[in-house]
Amino acid sequence: MLGPSAHTDTFSRDNLPPPELWPDFLIDDFDYPDHINVGVELTDTMVNKGFGDHTALIGNGRRRTYKELTDWTNRLAHVLIDDYGVEPGNRLLIRSANNPAMVACWLAATKVGAVVVNTMPMLRKAELTKIVDKAEIKLALCDTRMTDEIVSCAKDSKFLEKVVGFDGTANHDAELDRAALNKSVIYSAIQTGRDDVALLGFTSGTTGEAKATMHFHRDLLIIADGYAREVLQVTPQDVFVGSPPLAFTFGLGGLAIFPLRFGAAATLLENATPPNMIDIIQTYKATISFTAPTAYRAMMEAMDEGADLSSLRVAVSAGETLPAPVFEDWVAKTGTPILDGIGATELLHIFISNRFDTARPACTGIPVTGYEARIVDENGTEKPRGETGFLAVRGPTGCRYLNDKRQGEYVQNGWNLTGDAFWQDKEGFFHFAARTDDMIISSGYNIAGPEVEAALLAHEMVAECGVIGIPDEQRGQIVEAHIVLKEGFQPGEELVQTLQDFVKATIAPYKYPRSVRFIKELPKTPTGKVQRFRLRSADQ
């Protein structure tokens, strides 16, 4: 039974999946009042608890305290209501790299009761259009350094009415910032319900068709009051650093919700390369790191060359499988384990994780308190320990797709089926085996093979193509395209570069095929379906 709502725009609640298709929610360990607003809990409430002078955000060469962040977001909240007419329940898109201004915009939008859609700067017009159309978004806030694609989207959109620029640097010199200058720092936030949708997390899935996962205000607090409290044991003295985009729920949790919930500080990098992360760790004595195994390899090489990363007390790995050698080398160098874990946009954040005292290589760990997990067969029957099957999870967070028929595929018999194959050992620890779909996970990014295929097929030289993920020591996987050229075109290195550049210009650049193979024909079933498993076999 849903609690009260403050949304006057009821779009989100109206488009929740039917209750019978929801997973079982195990929320007995998490008790929140009927009305709660995440934006307030992470700012004003923290000031009232005495954290006003503590550093909240570090980015673009500036530190901002909790009091400064509270005042900043309250001014922006006034602008959203007074100048742009945002109503509770309206969907609001934010487009930016990781910086304090993006966090401030997200918090302000949450305070006014908007349903926020955070997006990555790498997304192109076509991808943004799918998101805008799915969520029926009227207003977008965009870092002025990257407005082209979203403005182009707005020109042809029947929903997106206005794009407002904000300054992602430390200068506060853009339309949104100037409008906030004369606003009051005192703001009474919308008393959203704990079961009001606060965030839409978009995931492309295996088809490339956008799916929006719907997360309530209470869900955003649960991941902090559960995983971050139990596993990370966050304190106000912690300093967070990481590479995942804030547009990903993994990044939003690790680089905004977790630190702000506990009075800690977050360092934000617009370009979170391993060298930049290493510099930030040394400069600000970061204690908790969120990144992929690729970056941890680079960190160990830097340590060999004299970098001092001894301030790190927690290293969290997620987004791709953590190879046992990386775990073992890290423990040997630092004396502390990398905490491998698995999460999903559908469940918001990590739900199975290693712990400090029980972490082991090539192991994902045990469920976070409040979650249950099991290994099942195709009929949903639990399999014996040691046998590989489908990972099924339920707990205080779970999948609710926005008006999407795929809800019934992800949630079955009250359990969330993540699309991962796992096995469980005799002691109850879970071990990753493989993805069960066509998703390619490269350096922590989820890439839908069919979406890359669609981009390649738009090129005049490509007749057919099949895209798979192949193992890569540095990235976990890379995208490999098997291409059948149209008659009259010849393969070659120059054409490889041309096709790679074409994909980069069509969809987000990180999705481009790093490996390209030209073949005469694709392996297919009698009905014409591409047999990707045979493409994978050809690479063995």
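Residues numbered from 1 in each chain as written. Predicted model: local features only at pLDDT ≥ 70, side-chain atom pairs only at ≥ 80, totals over all residues. Heavy atoms only, no water.

**Student:** How would you sum up the overall build of the protein? Please name residues and give values.
**Tutor:** Summing up its helical and strand segments, the protein has 17 helices and 25 strands in all. For 540 residues, the compact-globule estimate of 2.2 N^0.38 gives 24 Å, and the protein sits close to it at 23 Å. In terms of overall dimensions, the protein has C-alpha extents of about 65 × 55 × 55 Å along its principal axes. A burial count over the protein gives 59% of its 540 residues as buried. Taken as a whole, the protein presents about 21400 Å² of accessible surface, with 48% of it coming from carbon and sulfur. Averaged over its 53 positive side-chain charges, the protein has a centre that lies 1 Å from the centre of its 72 negative ones. (Helix = DSSP H or I, 4+ residues; strand = E, 2+ residues; numbered from the N terminus. Rg over C-alpha atoms; globule rule 2.2 N^0.38 Å. Buried < 20%, exposed > 50% of the residue type's maximum accessible area, 1.4 Å probe, protein only. Areas by Shrake-Rupley, 256 points an atom, 1.4 Å probe, with all protein chains shown as cover. Lys, Arg positive; Asp, Glu negative; His and termini not counted. Charge placed at Lys NZ, Arg CZ, Asp CG, Glu CD.)

**Student:** Run through the pairing of strand β12 (residues 314-317), naming residues and quoting values.
**Tutor:** Burial along β12 is two-sided: the face carrying Val314 and Val316 and the face carrying Ala315 and Ser317 are both buried. Once the chain exits strand β11 (residues 288-291) it traverses helix α12 (residues 293-304) before rejoining the sheet at β12, and the crossover so formed is right-handed. Bridge analysis of β12 against strand β13 (residues 338-343) gives 3 bridges, and the strand direction is parallel. In the strand pairing of β13, Ala315 is matched with Ile338. (Right-handed = clockwise from strand over helix to strand, strands pointing away. Pairing = 2+ DSSP bridges.)

**Student:** So what about the packing of aromatic side chains? Which residues, and what values?
**Tutor:** A complete count under the given rule lists 13 aromatic pairs for this structure. Centre to centre, the rings of Tyr227 and Phe258 are 5.9 Å apart; their planes meet at 45°, and the pair counts as tilted. Linking Tyr227 in helix α9 (residues 217-232) with Phe258 in helix α10 (residues 249-261), this pair joins segments that are 31 residues apart in sequence. Of the two residues, Tyr227 and Phe258, both sit in the buried class. Seen in terms of ring centroids, Tyr296 and Trp330 are 5.1 Å apart; in terms of plane orientation they differ by 70°. Their pairing is edge-to-face. Linking Tyr296 in helix α12 with Trp330 in helix α13 (residues 324-334), this pair joins segments that are 34 residues apart in sequence. What links up through ring pairs into an aromatic cluster is the set Tyr227, Phe240, Phe250, Phe258 and Phe290. Seen from the ring of Phe25, Arg218 lies directly overhead, with NZ or CZ sitting 6.0 Å from the centre. (Phe/Tyr/Trp six-rings, centres within 6.5 Å; stacked < 30°, edge-to-face > 60°. Lys NZ or Arg CZ within 6 Å of the ring centre and 35° of its normal.)

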